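Structural overview
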Amino acid sequence: MQEANFEERLELILAKDARYQRDAYFFMREALDHTQKSIVKENRGELRHVSGQELLSGIREYALAQFGPMATTVLEEWGVRNCQDFGEIVFNMVEIGLLAKTENDSREDFRDGYSFEDAFRKPFLPKSKLAQETKPVA
């Protein structure tokens with residue numbers, strides 16, 4: 001999509017729903033691109049629709065690669081606090097024509113994703129801290 005068209009449509013989204021910062025939508029577009037490239041690589045060049053769960057996985061990978069241990073902080077600054085927020089951003093983009101969906105896609109696809117703690121904080125904890133967190137409390 002041309003940058004000017006994306007910007008114009010993004011303005012419409014932001015005027016209607018101010019929960020998420022502009023950068024969250026740019027991030028979503030980039031994370032979707034990252035996810036699609038990963039899927040094409042896995043499927044020997046075949047492009048196909050990305051499911052909600054696949055997109056969540058791609059978002060996690062992309063956020064960790066881009067922001068490292070600051071991923072949660074950055075996402076929260078943009079108003080994104082859980083996977084359901086990713087779904088809201090995706091469907092705001094769908095409703096304005098920036099993304100497409102199939103009849104099987106819904107906001108519910110994002111409801112039971114991962115916890116931000118597990119996805120974005122735990123990969124950076126020292127092994128000793130992880131071991132303490134997994135030990136049963138006596």
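Everything discussed here concerns the structure shown above.
So, here's what we can say about the structure. Computed from a prediction, not measured in an experiment: that's the story for all the values here. Along each chain, numbering runs from 1 in the same order as the chain's sequence is written. Totals for whole chains, interfaces and linings use all residues, but because this is a predicted model, local features are given only for residues with pLDDT of at least 70 and pairs of side-chain atoms are given and counted only at 80 or more. Only hydrogens and water are removed before side-chain values are computed, so all heavy atoms of the structure are retained for them.

Before going further, it helps to examine the overall build of the chain. Scanning the chain from N- to C-terminus turns up 7 helices and 0 strands. Numbering goes from the N terminus for both helices and strands, where a helix is a DSSP run of H or I of at least four residues and a strand is a run of E of at least two. The helix and strand sequence of the chain, counted from the amino end, reads α-α-α-α-α-α-α. Should any heavy atoms of two residues lie within 4.5 Å, those residues are considered in contact. Summarising the internal contacts of the chain: among those between residues at least 6 apart in sequence, 65% fall at separations of at least 24. On the chain, roughly 8,500 Å² of surface is accessible, and the fraction owed to carbon and sulfur atoms is 50%. Accessible areas in this description were obtained via Shrake-Rupley with a 1.4 Å probe; residue shielding takes into account the shown protein chains only.

To obtain each axis, a line is fitted to C-alpha atoms, and for helices this fit is confined to the stretch in contact; angles are then taken between N-to-C directions over 0 to 180 degrees. Closest axis-to-axis distance for the helix α2 (residues 22-42)/helix α5 (residues 83-95) pair is 10 Å, and the angle between their directions is 85°. By the criterion of interaxial angle, the relationship of α2 to α5 is roughly perpendicular. Contacts between α2 and α5 pair A24, Y25, F27, M28 and R29 from the former with F86, I89, V90, N92 and M93 from the latter. In the scheme used here, Gly and all other residues not listed as nonpolar or charged are polar, with Ala, Val, Leu, Ile, Met, Phe, Trp, Tyr, Cys and Pro taken as nonpolar and Asp, Glu, Lys and Arg as charged. Here the residues of the contact of α2 with α5 are counted per class, giving 8 nonpolar, 1 polar and 1 charged. Angles below 35 degrees are treated as roughly parallel, those above 145 as roughly antiparallel, those between 65 and 115 as roughly perpendicular, and all remaining angles as oblique.

Our next topic: the environment of E54. Looking at where E54 falls in the secondary structure, it is placed in helix α3 (residues 52-67). Sequence-wise, E54 and S38 are 16 residues apart; in three dimensions their C-alpha atoms are separated by 10.0 Å. In this structure, E54 is in contact with T35, I39, R48 and H49, ignoring residues within four places of it in sequence.

A few words now on the nonpolar core. Buried Ala, Val, Leu, Ile, Met, Phe, Trp, Tyr and Cys residues that are joined via side-chain atoms within 4.5 Å together make up what is termed a nonpolar core. A simple rule labels every residue: compare its accessible area, found with a 1.4 Å probe on the protein chains alone, to the largest value its type can have, and call it buried under 20%, exposed over 50%, or partly exposed in between. By size, the foremost hydrophobic cluster in this structure holds 37 residues, and its most contacted members are F27, V80, F86 and M93. Sorting the residues of this core by element identifies α1 (3-16), α2, α3, α4 (71-77), α5 and α6 (116-121) as the ones contributing at least two each.

Expected helix span is given by 1.5 Å per residue-to-residue step, counting one fewer step than there are residues. Compared with the 22 Å implied by 1.5 Å per residue over 16 residues, the 22 Å span of α3 between its first and last C-alpha is a close match. G52, L55, L56, G58, I59, Y62, A63 and L64 are the residues of α3 that are buried. Close packing links the buried residues of α3 with α2, α4, α5 and α6. Looking one or two residues past α3, G68 carries a phi angle of roughly 55°, positive in sign.

Here the focus is the packing of α2 against α3. For the pair α2 and α3, interaxial distance at closest approach is 8 Å and the crossing angle is 110°. For the element pair α2 / α3, the angle class is roughly perpendicular. When the axes of α2 and α3 are compared, the crossing they make is right-handed. Residues F27, M28, E30, A31, L32, H34, T35, S38 and I39 of α2 form the contact with α3, whose own contacting residues are E54, L55, G58, I59, E61, Y62, A63 and F67. By convention the crossing between two helices is left-handed if the near helix lies anticlockwise of the far one by an angle smaller than a right angle, and right-handed if it lies clockwise.

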